[in-house]
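# Chains, contacts and geometry: an overview
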Amino acid sequence: MDPPPSTVEVEAAPTQPPCWPWRGRGRRARPPPLEATPIAPLLKRQRRAGGRATGAATQVPPRCCCSEPSPGAGRNGPVGGPRRPRCRPPPSPPGRCQLRSPRRLPPLPLPRRGCSRLPPGSPAAGGRRGAAPVLAALLGLGAVLAYGERRRRGAQAAQATPVPRYPLYTREEVGRHRSPQDRIWVTHGTEVFDVTDFVELHPGGADKVLLAAGGALEPFWALYAVHSQPHVLELLREYKVGELSPEEAPPAPDATQDPFAGDPPRHPGLRVNSQKPFNAEPPAELLAERFLTPNELFFTRNHLPVPAVDPSSYRLRVEGPGGRVLLLSLAELRSRFPKHEVTATLQCAGNRRAEMSRVRPVKGLAWDIGAISTARWGGVRLRDILLDAGFGEEWEGEWHVCFEGLDADAAGAPYGASIPYGRAVSPAADVLLAYEMNGEELPRDHGFPLRVVVPGVVGARSVKWLQRVAVSPAESPSHWQRNDYKGFSPCVDWDTVDYTTAPAIQELPVQSAITHPRPGAAVPEGELTVKGYAWSGGGREVVRVDVSLDGGRTWRVARLTGERPVPGRAWAWALWELQAPVTAGTELEIICKAVDGSYNVQPDTVAPIWNLRGVLSNAWHRVHVTVSR
């Protein structure tokens, strides 16, 4: 019978490589086939001897006393006496490795140190001849055996049943972790996470995370589109502690019911930035076609699911001084207060955010130039409501009018915002509680049955689905007032941002954009028509729009169109256009910049106004086109 496989201890290659006979000049050549090495005669000799040891010269010095063979014993078995019991050899010292051979190998002598650097046939160190070729051959054989062993282990690993990386838990076990004392666990899909250390870091507040403690995240994450972004899931996986047991049934249907299932239908022409909540903008090429944006194409900015409101039971709650509360139905709003109309443009703080993302990544919806629209709003003045509730035209100190909507998150927290009291009661500010939009009942996506319209101010303060109005010495405690819609320096990142150091955005800066032609378009030679919009916050009229066709080297003044505003109350945008001859075969870089009545002008590039939320993006708008024949 064949003897058991032997263990061959191989001296690792020294830092300076040995002088192998087959080593090429300037680089190490691949060792030759095993049959071409000096070890081949030894293998043939072993086959003729039937695998027996060839003498004392083949013995390897033992590693420990208990592994030393009895007198006359060879490495592969006893030849002259019983073998003493052996213990497991100690770990190999640095520079050595042990390879378990898959076939019988002849015992070979190994020098205690690196091979001789003398030419083949010269006396080797220690008085032996030819040590270098033998060691070189053995190193080559070791590489072959190591490769074979690696393939064998890889095949075994592929056939083995994978061991779960994380422990398995039941939903009942996860449900026991609902407080910081017991650790706060949540699930997402089939994964289990311990988010205790993240609770206080949650941008939306610790209370929002605690709503899902011990249960599934999906019903709560569905309320905010940001949770579907890849970086959020990557962050969550840093807190992974286990997997749900495969036997676990999925959550009950009511636990994952889609909160957006009752949202209204939308126009298919809208460019959708997120479905849940729904956020979309009109096609850019349609923006400047009409002064008033059709209701179905008006840009939509929702933060939460659209509430379903019964107009017959609707009541607006107005909290007056001294605890007085005024409850008004839609019929009372129409009958008790005079109707007022105002044409006003609303713009999202994130309009043109996509351009900031091209400078550096920002967090937020990738709005193009269409998060802006204009409508004729009808309703009652907020001033009239506040005076009727008992407030005066002036209020000593700093006060704010706070609004709350009927759209709420899973914890019942509504969307909210506030504006300064002085603006709310000013007859020149035209702040409106609107129930009509372009002569029609408010659409559901735009605040039915009642919404706030604050002309000249960022759209985030024009709260939709209005349910409550209150006057407070502090601004609204809403997340969207205190911890969002604020601007910061380009040097501020998510590790250093402090929302308490910046004021909430109210009036927006001067803005303009090119709606025609579109970026990358091929325009015909001859006369080119360039169109766009321009607008400025705070009622400041746009007095000029400059347009360049050559990247800003030369400029032309565009013609403004649209309604002529009342001085100081220019709530609506100005549409503009420019005709200019263009020659076939040229490439145009079209730029526009607007100037308002205070001579505020747009900055020329995005980088100096970049901020981590991508708001207030109003640099020169640039469009590249080619002129074809």
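Since we're looking at a predicted model, the values are computed, not measured.

## Here's the deal with the pairing of strand E11 (residues 316-319)
Along E11, the buried face is formed by Leu316 and Val318; none of Arg317 and Glu319, which line the opposite face, is buried. By the bridge criterion, four bridges tie E11 to strand E12 (residues 325-328) in an arrangement that is antiparallel. Across the sheet, Glu319 pairs through a bridge with Val325, a residue of E12. Hairpin connection, E11 to E12: the antiparallel pair is bridged by five residues, and Gly322 has positive phi, about 70°.

## Some points on the sheet that holds strand E29 (residues 621-628)
Hydrogen bonds between backbone atoms are what pair the strands of a sheet, whose relative direction is either parallel or antiparallel. Taken together, five strands build an open sheet; the order of strands is E22-E29-E28-E24-E25 and the sheet is mixed. The outermost strands of the open sheet, each flanked by one partner alone, are strand E22 (522-524) and strand E25 (556-557). Where strand E24 (residues 542-548) lies against strand E28 (residues 587-596), six bridges are found, and the strand directions are antiparallel. Looking across to E28, one finds that Ser548 is bridged to Ile591.

## A word on the packing of aromatic side chains
Tallied over the entire structure, the rule returns ten aromatic pairs. Arranged with centres 4.9 Å apart and planes meeting at 70°, the rings of Tyr169 and Trp185 form a pair that is edge-to-face. With Tyr169 in strand E3 (residues 168-169) and Trp185 in strand E5 (residues 183-188), this residue pair connects regions lying 16 residues apart in the sequence. We note that Tyr169, like Trp185, is buried. An aromatic cluster of at least three residues, connected via ring pairs, comprises Phe298, Phe299, Trp367 and Trp377.

## Thoughts on the confidence of the model for the chain
On average, residues of the chain score 81 in pLDDT, and 71% of them reach the 70 mark or higher. Contacts from residues 1-46, a stretch scored under 50 in pLDDT, to residues over four places away or in other chains number 75 contacts. Throughout residues 108-139 the model reports pLDDT below 50, and contacts reaching past four residues in sequence, or to other chains, amount to 48 contacts.

## Considerations on empty space enclosed by the protein
Where empty space is left in the structure can be found by rolling a water-sized probe over the atoms. Going through the model one piece at a time under the given rule, you end up with seven cavities of 30 Å³ or more. Of the pockets and cavities examined, the largest cavity occupies roughly 250 Å³. As for the largest cavity, its lining consists of 21 residues, of which Arg301, Arg451, Gly459, Ser462 and Lys464 are closest to the centre. Considering only residue class, the lining of the largest cavity consists of eleven nonpolar, six polar and four charged.

## Here we look at the sheet that holds E12
The mixed open sheet is built from five strands, whose spatial order is E12-E11-E20-E15-E16. This sheet does not close on itself; its edge strands, each paired only once, are E12 and strand E16 (414-420). The average angle at which neighbouring strand axes cross in this sheet is 15°, direction not considered.

## Some words on the side chain of Ser418
You can see Ser418 is positioned in strand E16. Looking at Ser418, its side chain comes within polar contact range of the main-chain nitrogen of Ser476, at 3.0 Å. Not counting residues up to four positions away in its chain, the partners in contact with Ser418 are His400, Val401, Cys402, Phe403, Arg461, Glu475, Ser476, Gln481 and Gln506.

## Section: the pairing of strand E20 (residues 466-472)
In terms of burial, E20 is a largely internal element, five of the seven residues being buried. As paired strands, E11 and E20 are joined by three bridges and run parallel to one another. By the bridge assignment, Arg317 is partnered in E20 with Arg468. Of the pairings in the sheet, the one linking strand E15 (residues 400-408) to E20 comprises six bridges and is antiparallel in character.

Rules of the game
Residues numbered from 1 in each chain as written. Predicted model: local features only at pLDDT ≥ 70, side-chain atom pairs only at ≥ 80, totals over all residues. Heavy atoms only, no water. Buried < 20%, exposed > 50% of the residue type's maximum accessible area, 1.4 Å probe, protein only. Helix = DSSP H or I, 4+ residues; strand = E, 2+ residues; numbered from the N terminus. Pairing = 2+ DSSP bridges. Phe/Tyr/Trp six-rings, centres within 6.5 Å; stacked < 30°, edge-to-face > 60°. pLDDT = per-residue confidence, 0-100. Contact = heavy atoms within 4.5 Å. 1 Å grid on protein atoms, 1.4 Å probe; cavity = no way out; pocket = protein on both sides within 12 Å on 5 of 7 lines; lining within 4 Å. Points joined across faces, edges and corners; volume = space filled by probe spheres on them. Nonpolar A, V, L, I, M, F, W, Y, C, P; charged D, E, K, R; others polar. Axes fitted to C-alpha atoms, helices over the stretch in contact; angles between N-to-C directions. Polar contact = N/O pair within 3.5 Å; in protein donor to acceptor, adjacent residues only side chain to side chain.

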